[in-house]
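# Chains, contacts and geometry: an overview
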Amino acid sequence: MRSICFVFFVILVCEGTNSLFLPGIEYRRLRNSAPSLSWMSRSRRVAPRHRIINPNEDCFLVTSEEEQIFFKSPSNEPTVCGIYMIAEPDKRIQVTFDYLNVRCENEGLVSWVDGWELSGQVWPADSWNDDRVLETCDQRPARTLISQQNAALIQYRVPARGQGFAITIKHVKNNKPCNVVLFGSEGVYTLRNHGEAGNCSVISVSPSTIRVLNIDVGQTVKQSRKGLMDFETGTIHHCKKRGLSDYVDIGGASGLDHTKMFVYENMCGLDSTEGHQAVKIACEDSVVRLVSSGKYYNSVTLAFAPLPMENLESADFMCPF
Ligand SMILES: *[C@@H]1O[C@H](CO)[C@@H](O)[C@H](O)[C@H]1NC(C)=O
């Protein structure tokens, strides 16, 4: 199986008829994949070093591999397709265009997106700006493209038979991951602000059970980091309402834009014994967002697990439609 994707993601894609950057996007329906298998475990089984895109199957392609990908247009149809690239949370995506033969005439276009875009929503929306998109035709981007987080996207429309392009995908180290897409919804991840101001998030593209294993948010003051004992406040709820500057939001979203997330729980504090209570989020996407003023070293460790379809009804939180 060449295309790997999560069932909710597929639904999202199949419903998505509008693309922000390439209007008229219409991905063909993918054959359904079992939602219980993790994205990661299935993608590991497919490891071609060189892949030739099969236009009938791979219009919506998700890959977690380092590989070279070729595309040659089979027709003059202005079909818009996408290569959704994802790496481990502490990696960035690096793309080099090995060649590009896509003419601007007939509206041929290839775009690099430093993030993901789906149904008109972008991720990570928090730190979005136009520099994240590079559109090209006639000439390949000379420079190597590197994403700011562990996911990036190539969108293409090549309405001329025989034209195409080749890219090489590599994963490079990210020493300060901030926004992260999780493979499936499995695993433990620590979200940190690295002492900086701004918002970081973890998004899982499926319904998930989220457990907070450890929280240190709005407590460890930067200046006094050395020498002072940390004081366990326990988990504090409704921190935003209390007017505290640094907090964690846990909830879900209907789409990739986590700034429009629905918040189920808002918390801060210092608590190393969290973890007894898991939150079941029944949304297209499960999101944890860390808001930081820059005054503290914040971190929150989370365990993500898939929320099976049959448990959706017992969820703690459902996103409104
Ligand atoms: C971070 O999130 C807060 C709360 O949603 C918002 O007010 C602020 O503008 C965000 N900061 C950035 C840099 O996006």
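Described below are features of the structure shown in this document.

Quick notes on the rules
Every chain begins its residue count from 1, and numbering advances along the sequence as written. It should be noted that, the model being predicted, local features are given only for residues of pLDDT at least 70 and side-chain atom pairs only at 80 or more, the latter also being counted only at that level, while totals for whole chains, interfaces and linings use all residues. Each side-chain value is worked out from all heavy atoms of the structure, with water and hydrogens disregarded. Elements are defined by DSSP. Helices are runs of H or I of four residues or more, strands are runs of E of two residues or more, and each kind is numbered from the N terminus. By definition, residues are in contact when any of their heavy atoms lie within 4.5 Å. Whenever a pair of cysteine sulfur atoms sits within 2.5 Å, that pair is classed as a disulfide. For the exposure calls, accessible area comes from a 1.4 Å probe over protein chains only, and a residue counts as buried if that area is under 20% of its type's maximum, exposed if over 50%, partly exposed in between. When charges are tallied, Lys and Arg are placed among the positive residues and Asp and Glu among the negative ones, while His and the ends of the chain are skipped. Here, a salt bridge means any Lys or Arg side-chain nitrogen found within 4 Å of an Asp or Glu carboxyl oxygen. As used in this structure description, the phrase polar contact means that two N or O atoms lie within 3.5 Å; if the pair is within protein, one of them must be able to donate a hydrogen and the other to accept it, and residues adjacent in sequence are counted only when both atoms belong to side chains. We call a residue near a molecule or strand when any one of its heavy atoms sits within 4 Å of it. Accessible surface is estimated by sampling points in the Shrake-Rupley manner with a 1.4 Å probe; for residues, cover comes only from the protein chains shown. Each residue gets one of three labels, nonpolar for Ala, Val, Leu, Ile, Met, Phe, Trp, Tyr, Cys and Pro, charged for Asp, Glu, Lys and Arg, and polar for the others, Gly among them. Pairing between two strands requires that DSSP report at least two bridges joining them. Note on method: axes are straight lines fitted to C-alpha atoms, helices fitted across the in-contact stretch only, with angles between N-to-C directions ranging 0 to 180 degrees. Working definition of a nonpolar core: buried Ala, Val, Leu, Ile, Met, Phe, Trp, Tyr and Cys residues. They are joined through side-chain atoms within 4.5 Å. The rule is short: rings of Phe, Tyr and Trp, with Trp giving its six-membered ring, pair when the centres are within 6.5 Å, and they are stacked under 30 degrees, edge-to-face over 60, tilted in between.

### Overview of the environment of P306
- Looking at the element boundaries, P306 is found in strand β22 (residues 296-306).
- Between the C-alpha atoms of P306 and S204, which are 102 residues apart in sequence, the distance is 9.2 Å.
- The contacts of P306, once residues within four sequence positions are left out, are S185, E186, P207, S208 and T209.

### Quick word on the state of the cysteines
- Inspection of the entire model under this criterion finds five disulfides.
- With its sulfur 2.1 Å from that of its partner, C59 forms a disulfide with C81. Between C59 and C81, the S-S torsion sits near -100°, and that sign places the bridge as left-handed. Taken together, the residues span a long stretch of sequence, with C59 in the loop between β1 (50-52) and β2 (60-63) and C81 in strand β4 (residues 80-86) at a distance of 22 residues.
- Residue C59 is classed as buried on the basis of its relative accessible area, which comes to 3%.
- Residue classification places C81 among the buried residues on the basis of a relative accessible area of 7%.
- The side chain of C104 participates in a disulfide bridge whose partner is C137; the two sulfur atoms lie 2.1 Å from each other. Linking C104 and C137, the disulfide has an S-S dihedral of approximately 100° and is accordingly described as right-handed. Here C137 lies in the loop between β9 (133-136) and β10 (145-146) and C104 lies in the loop between β5 (91-101) and β6 (109-113), a separation of 33 residues in the sequence.
- By sequence order of its bonded cysteines, the protein chain has the disulfide arrangement 1-2, 3-4, 5-6, 7-8, 9-10.

### A closer look at the side chain of E117
- Looking at the secondary structure, you find E117 in strand β7 (residues 116-118).
- An unpaired buried charge is present at E117: no salt bridge exists, and K260, the closest side chain of opposite charge, is 11 Å distant.
- Reaching out from E117, the side chain makes a polar contact with the backbone nitrogen of G120 at a distance of 3.0 Å.

### Overview of the site of the ligand
- All residues in the neighbourhood of the ligand are listed as D126, N199, Y247 and R289.
- N199 places a polar side-chain atom, nitrogen or oxygen, 2.4 Å from an oxygen atom of the ligand.
- The contact in question runs from an oxygen atom of the ligand to an N or O atom on the side chain of R289, over 3.0 Å.
- Surface burial for the ligand is 43%, taken as the share of its 360 Å² of free accessible area covered by protein chains.
- Taken together, the residues that form the shell around the ligand break down as one nonpolar, one polar and two charged.

### What about the sheet that holds strand β11 (residues 151-157)?
- The five strands are arranged β2-β4-β11-β6-β9 in an open sheet whose pairing can be described as mixed. In this open sheet, the two strands that pair with only one neighbour each are β2 and β9. The average undirected angle you get between the axes of adjacent strands in this sheet is 15°.
- Pairing of β6 with β11 involves five bridges; the strand directions are antiparallel. The residue bridging V110 from the neighbouring strand is Y156, located in β11.

### Overview of the sheet that holds strand β3 (residues 68-72)
- In spatial order, the strands read β1-β3-β12-β5-β10; together these five strands make up an open sheet with mixed pairing. Here the strands that pair on one side only, and so sit at the sheet edges, are β1 and β10.
- Two strands pair when backbone bridges link them, and β5 and β10 are joined in this way by two bridges, in the antiparallel orientation. Looking at the pairing, Q94 lines up with I146 of β10.

### Overview of the nonpolar core
- L191, V202, V248, I250, V288 and L302 are the most contacted members of the largest nonpolar core, which totals 27 residues.
- Setting aside residues up to four positions removed in sequence, L191 forms contacts with C178, C200, S201, V202, V288, L290, N298, S299 and V300.
- If you look at the next biggest cluster of nonpolar residues, it comprises 24 residues, including F71, V95, L145 and I167.

### Here's the deal with the packing of aromatic side chains
- A complete count under the given rule lists seven aromatic pairs for this structure.
- The interplanar angle of 50° and the centroid separation of 4.6 Å between the aromatic rings of F71 and Y156 together place this pair among those described as tilted. Taken together, the positions of F71 in strand β3 and Y156 in strand β11 put the pair 85 residues apart, joining distant regions of the chain.
- For Y156, a relative accessible area of 1% translates into the label buried.
- Between the aromatic rings of Y156 and F165, the centroid separation amounts to 5.1 Å while the plane-to-plane angle is 70°, which identifies the pairing as edge-to-face.
- Residue classification places F165 among the buried positions, given a relative accessible area of 0%.
- In textbook terms, an aromatic cluster arises when at least three aromatic residues are bridged by ring pairs, as seen for F71, F97, Y156 and F165.

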